[in-house]
Amino acid sequence: MMTTSSPIYSTGDRWFGRVNLLLLSIFAIGTLYPLIYVFSLSISSGAAASAGQVWLWPVEITFAAIEHVMNDRMFWISYGNTFYYTIVGTLTSLALIIPAAYALSKPRLMARRYFGFFIAFTMWFSAGMIPFYLNLRDLDLLDSRWGIVISFAVNAFNIILMRNFFESISPSFEEAARMDGANDFQILWKVYIPLAKPAIATVAMLCAISRWNGYFWSMVLLQDENKIPLQVYLKKVIVDVSLTEEAAGAMTQQGYSLETVTGAIIVLSIIPVMVFFPVIQKYFTKGVMMGGVKE
């Protein structure tokens, strides 16, 4: 009769586990502290925040800053613009990245290695900011929502990630589909895309995060305030209030300050990310591992 004995850990193993637990705890605290601090700042009084009294927990709790932000019409306009750039931009990116990756994954594609080389080349070398801006100007994409959507639709890393995932799919699936009379478009839509859900979810998340955090080019290209995303709106709030002493004084009298308003905007802006990421996170690791490592 066989018995199962519990594993015996050496002193070194136990110390390794303790040190590992300690390091992970420090890392978790370091990750959570900014979130807790920003939330505490957003519901603290303006006087306490301006005096630097908020370190971890809220001081003199008030929701004046959050109410002020939520009553600001431009906040909701910029919020809607951010959702537009994120959703439409991500869908546009997927519509371009998936077919390109599928084509590059096929050895029968003529000049396949050259196309792959030129795509990877853009990861290290580019024309620069000024030529890129002049190109958008000549294409009449300045101060245009579609300029933001189209100009940043394709990323070389995402194409390579998706291509590697497609290459890991067994050719027998394609052979079986061709025997049933399917063409390339049908094979891509009905065979490869369903099998590539983890990689597609990973690329979609990378594109969505990039769109959601997009700031610099949105600030440069967009002049109409009704088209700016949330990040540019935050910058305008900080700069406008910082340059106007009267506005800063009015904020303090109403129970909030520039610091608490900034915290409130950040808290309200990260809510969709905190809801969306846990849903798709289970696909992220699998997609990166299978698409980033080629067998």
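Quick summary incoming for the structure in this document. (Residues numbered from 1 in each chain as written. Predicted model: local features only at pLDDT ≥ 70, side-chain atom pairs only at ≥ 80, totals over all residues. Heavy atoms only, no water.)

### A closer look at the overall build of the protein
Move 1: Counting secondary structure elements, the protein contains 15 helices and zero strands.
Move 2: Taking all 295 residues of the protein together, 36% fall into the buried category.
Move 3: Within the protein, residue pairs in contact and separated by at least 24 positions form 73% of the contacts whose partners lie at least 6 positions apart.
Move 4: For the protein, the exposed surface amounts to about 18,400 Å²; the carbon and sulfur share of it is 68%. (Helix = DSSP H or I, 4+ residues; strand = E, 2+ residues; numbered from the N terminus. Buried < 20%, exposed > 50% of the residue type's maximum accessible area, 1.4 Å probe, protein only. Contact = heavy atoms within 4.5 Å. Areas by Shrake-Rupley, 256 points an atom, 1.4 Å probe, with all protein chains shown as cover.)

### Notes on the packing of helix 8 (residues 156-168) against helix 11 (residues 197-212)
Move 1: Where helix 8 meets helix 11, the axes come as close as 10 Å, and the angle between the chain directions of the two elements is 175°. What the angle tells us is that helix 8 and helix 11 run roughly antiparallel. Contacts from Phe157, Asn158, Leu161, Met162 and Phe165 in helix 8 reach Pro198, Ala199, Ile200, Thr202, Val203, Leu206 and Cys207 in helix 11.
Move 2: Grouping the constituent residues of the contact of helix 8 with helix 11 by class yields 10 nonpolar, two polar and no charged. (Axes fitted to C-alpha atoms, helices over the stretch in contact; angles between N-to-C directions. Parallel < 35°, antiparallel > 145°, perpendicular 65-115°, else oblique. Nonpolar A, V, L, I, M, F, W, Y, C, P; charged D, E, K, R; others polar.)

### Here we look at unusual backbone geometry
Move 1: Even without a glycine there, the phi angle at Glu60 is positive, about 55°.
Move 2: Inspection of the secondary structure puts Glu60 in the loop between helix 2 (46-50) and helix 3 (64-70).
Move 3: Relative accessible area serves as the criterion here: at 54%, Glu60 is assigned to the exposed category.
Move 4: For Asp143, which is not glycine, the phi dihedral falls at a positive 55°.
Move 5: Here Asp143 shows up in the loop between helix 6 (129-138) and helix 7 (145-151).

### Details of the environment of Ile97
Move 1: Its location among the elements puts Ile97 in helix 4 (residues 73-104).
Move 2: Ile97 gets classed as buried once you look at its relative accessible area, which sits at 0%.
Move 3: When the C-alpha positions of Ile97 and Leu161 are compared, they lie 9.9 Å apart, and in sequence the two are 64 residues distant.
Move 4: Among residues more than four places away in sequence, those in contact with Ile97 are Ala153, Asn155, Asn158, Ile159, Met162, Val203 and Cys207.

### Quick word on the packing of helix 10 (residues 184-195) against helix 11
When two helices pack together, their arrangement is given by the angle between their axes and by how far apart the axes lie.
Move 1: Relative orientation of the contacting elements helix 10 and helix 11 amounts to 75°, with a least axis distance of 5 Å. Classified by the angle between their axes, helix 10 and helix 11 sit roughly perpendicular to one another. In this structure, helix 10 uses Ile193, Pro194 and Leu195 to contact helix 11, whose residues at the interface are Lys197, Pro198 and Ile200.
Move 2: In terms of residue class, the contact of helix 10 with helix 11 is made up of five nonpolar, no polar and one charged.

### Topic: the side chain of Ser105
Move 1: Secondary-structure assignment places Ser105 in the loop between helix 4 and helix 5 (112-121).
Move 2: Judged by its relative accessible area of 7%, Ser105 is buried.
Move 3: A distance of 2.6 Å separates the side chain of Ser105 from the backbone oxygen of Tyr102, its partner in a polar contact.
Move 4: Ignoring anything within four residues of it in the chain, the contact list for Ser105 reads Arg112, Arg163, Phe166 and Glu167. (Polar contact = N/O pair within 3.5 Å; in protein donor to acceptor, adjacent residues only side chain to side chain.)

### Here's the deal with the pattern of salt bridges
Move 1: If you walk through the whole model with that rule in mind, you get seven salt bridges.
Move 2: Where Glu167 meets Arg112, a salt bridge forms, and the shortest distance between an N and an O atom there is 2.3 Å. In this pair, Glu167 is assigned in helix 8 and Arg112 in helix 5, connecting sequence segments 55 residues apart.
Move 3: Here Arg137 and Asp138 are joined by a salt bridge, their closest N and O atoms 3.4 Å apart. (Salt bridge = Lys/Arg side-chain N within 4 Å of Asp/Glu carboxyl O.)

Take it as geometry only, folks, not as evidence of what the structure does.
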